[in-house]
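Results of the structural survey
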Amino acid sequence: MLTYLAASAATTQQLAFDPGITPSQGGLPGLDVLKSTVGSINLFAIIAVVGALCVSGIVWAWGHHTGSHGSEQKGKQGALVAAGAALLLGAANGIVSFFSAVGTNVH
């Protein structure tokens with residue numbers, strides 16, 4: 001039993017080893033191109049969400065005025081999904097920065 005505890009403690013120490021790797025701002029070729037590409041994808045997604053919100057609004061209004069409760073409900077759902085997607089796309093940098101900062105504090 002004592003040998004098992006000593007082996008377990010040694011394993012725990014090995015798992016807690018800090019490799020000393022931290023993110024750096026440079027060093028890789030094409031980093032600026034990658035940042036630009038991701039920014040362009042984010043912009044494309046935001047434009048797509050605006051279109052989805054417009055279509056959802058039209059379906060919602062059409063369903064309301066024709067008495068089609070199913071279409072009205074789908075329009076509402078689409079508007080909520082589009083709003084949630086816009087929220088996530090707009091907050092992507094902040095979310096990643098927050099969790100990256102939280103991750104650096106884990107010891």
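Our subject is the structure listed above.
Residues numbered from 1 in each chain as written. Predicted model: local features only at pLDDT ≥ 70, side-chain atom pairs only at ≥ 80, totals over all residues. Heavy atoms only, no water.

Within the protein, the secondary structure is distributed over four helices and zero strands. Listed N to C, the secondary structure of the protein is α-α-α-α in terms of helices and strands. A buried classification covers 7% of the 107 residues belonging to the protein. A total of about 8,800 Å² of accessible surface is found on the protein, and carbon and sulfur atoms cover 71% of it. (Helix = DSSP H or I, 4+ residues; strand = E, 2+ residues; numbered from the N terminus. Buried < 20%, exposed > 50% of the residue type's maximum accessible area, 1.4 Å probe, protein only. Areas by Shrake-Rupley, 256 points an atom, 1.4 Å probe, with all protein chains shown as cover.)

Another aspect to go through is the environment of threonine 104. Among the secondary structure elements, threonine 104 is positioned in helix H4 (residues 92-104). Taking the C-alpha atoms as reference, threonine 104 lies 8.8 Å from threonine 22; in sequence the two are 82 residues apart. Side-chain polar atoms of threonine 104 contact the backbone oxygen of alanine 101, separated by 2.7 Å. (Polar contact = N/O pair within 3.5 Å; in protein donor to acceptor, adjacent residues only side chain to side chain.)

Residue placement: glutamate 72 occurs in helix H3 (residues 69-90). Given the relative accessible area of 14%, glutamate 72 is considered buried. Look past the residues within four positions of glutamate 72 in its chain and what remains in contact with it is Trp60, Gly63 and His64. (Contact = heavy atoms within 4.5 Å.)

Before going further, it helps to examine the environment of serine 100. The residue serine 100 is located in helix H4 in this model. Since its relative accessible area comes to 40%, serine 100 is described here as partly exposed. As for serine 100 and proline 23, which are separated by 77 residues in sequence, their C-alpha atoms are 9.9 Å apart.

By the definition in use, this model includes one salt bridge. Put simply, glutamate 72 and lysine 76 hold a salt bridge, and the shortest N to O gap is 4.0 Å. Here glutamate 72 and its partner lysine 76 are both found in helix H3, four residues apart, which amounts to about one turn of the helix. Residue lysine 76 is classed as partly exposed on the basis of its relative accessible area of 31%. (Salt bridge = Lys/Arg side-chain N within 4 Å of Asp/Glu carboxyl O.)

This part is about the packing of aromatic side chains. Across all of its chains, the model carries one aromatic pair by this definition. Here phenylalanine 98 and phenylalanine 99 contribute two aromatic rings whose centre-to-centre distance is 5.0 Å and whose plane-to-plane angle is 80°, an arrangement assigned as edge-to-face. With relative accessibility at 55%, the residue phenylalanine 99 sits in the exposed group. (Phe/Tyr/Trp six-rings, centres within 6.5 Å; stacked < 30°, edge-to-face > 60°.)

Before going further, it helps to examine a nonpolar patch on the surface. Taken together, Leu88, Ile95, Phe98, Phe99, Val102 and Val106 make up a surface patch of nonpolar side chains, about 600 Å² in accessible area. Ranked by the residues each element gives to the nonpolar patch, the list is headed by H4, at four residues. By the element assignment, valine 106 lies in the segment after H4. When its relative accessible area of 61% is taken as the criterion, valine 106 is described as exposed. (Patch = residues over 30% accessible without salt bridge, like charges linked within 9 Å, V, L, I, M, F, W, Y side chains within 5 Å.)

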